Amino acid sequence: MACVLLVEDDRIIRDIVGEALTEAGHEVTVAENGVEAMSALRARTFDAVVSDFMMPAGVSGIDLASYLESTAVPTKVILVSGLSRNHLGTLPDQVAFLAKPYRVAELVSLLPQ
């Protein structure tokens, strides 16, 4: 299964989704904002990053995707947002989008196996 970095500022969602991904057999590391996520990305590689599009602390999901694109490390990026996909502008090629609210099964289906 995949090694996943889950970036979510809402503690309840982070806990529920993190637990569900773990139960689905994935190795999950959590970060509560983009700054924590950047530290995790600099420390190790992940098969996938699941991140909110907008986050506090000045580092967004797009910033994370751009960083990963610049490293050329093959990492699937899944951005989630309550905003419509039309409101997010152009996303980098390697980025998948998942609208909130989503079902965990939808998220799992997007993760590398």
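Read on for a plain summary of the structure. Keep in mind that what you see is a predicted model, and the values were worked out from it rather than measured. In every chain, residue numbers begin from 1 and rise along the written sequence. Only residues with pLDDT of at least 70 are given local features in this predicted model, and only at 80 or more are side-chain atom pairs given and counted; all residues enter the totals for whole chains, interfaces and linings. With hydrogens and water excluded, all non-hydrogen atoms of the structure serve as input to the side-chain values.

### Describing the pairing of strand 3 (residues 48-52)
Point 1. By the criterion of burial, strand 3 is predominantly enclosed, with five of the five residues buried.
Point 2. Residue exposure (1.4 Å probe, protein chains only): buried if accessible area is under 20% of the type maximum, exposed if over 50%, otherwise partly exposed. Numbered from the N terminus, helices here are DSSP runs of H or I no shorter than four residues, and strands are runs of E no shorter than two. Residues of strand 3 alternate between two faces, with A48, V50 and D52 on one and V49 and S51 on the opposite face, all of them buried.
Point 3. One bridge is not enough; two strands pair if DSSP finds at least two bridges between them. Pairing analysis gives four bridges linking strand 1 (residues 3-7) to strand 3, with the strands arranged parallel. If you follow V7 over to strand 3, its bridge partner there is S51.
Point 4. Pairing between strand 3 and strand 4 (residues 76-81): five bridges, direction parallel. By the bridge assignment, V49 is partnered in strand 4 with V77.
Point 5. Crossover handedness for the path strand 3 to helix 3 (residues 61-71) to strand 4: right-handed. Orienting the strands away from the viewer, one traces the path from the first strand over the helix to the second; a clockwise path indicates a right-handed crossover.

### Some details on the pairing of strand 2 (residues 27-31)
The side chains of a regular strand alternate between the sheet's two faces.
Point 1. Pairing of strand 1 with strand 2, which is carried by five bridges, proceeds in the parallel orientation. Following the sheet pairing, C3 is matched in strand 2 by E27.
Point 2. A crossover links strand 1 with its parallel partner strand 2, the connecting element being helix 1 (residues 11-23), and its sense is right-handed.

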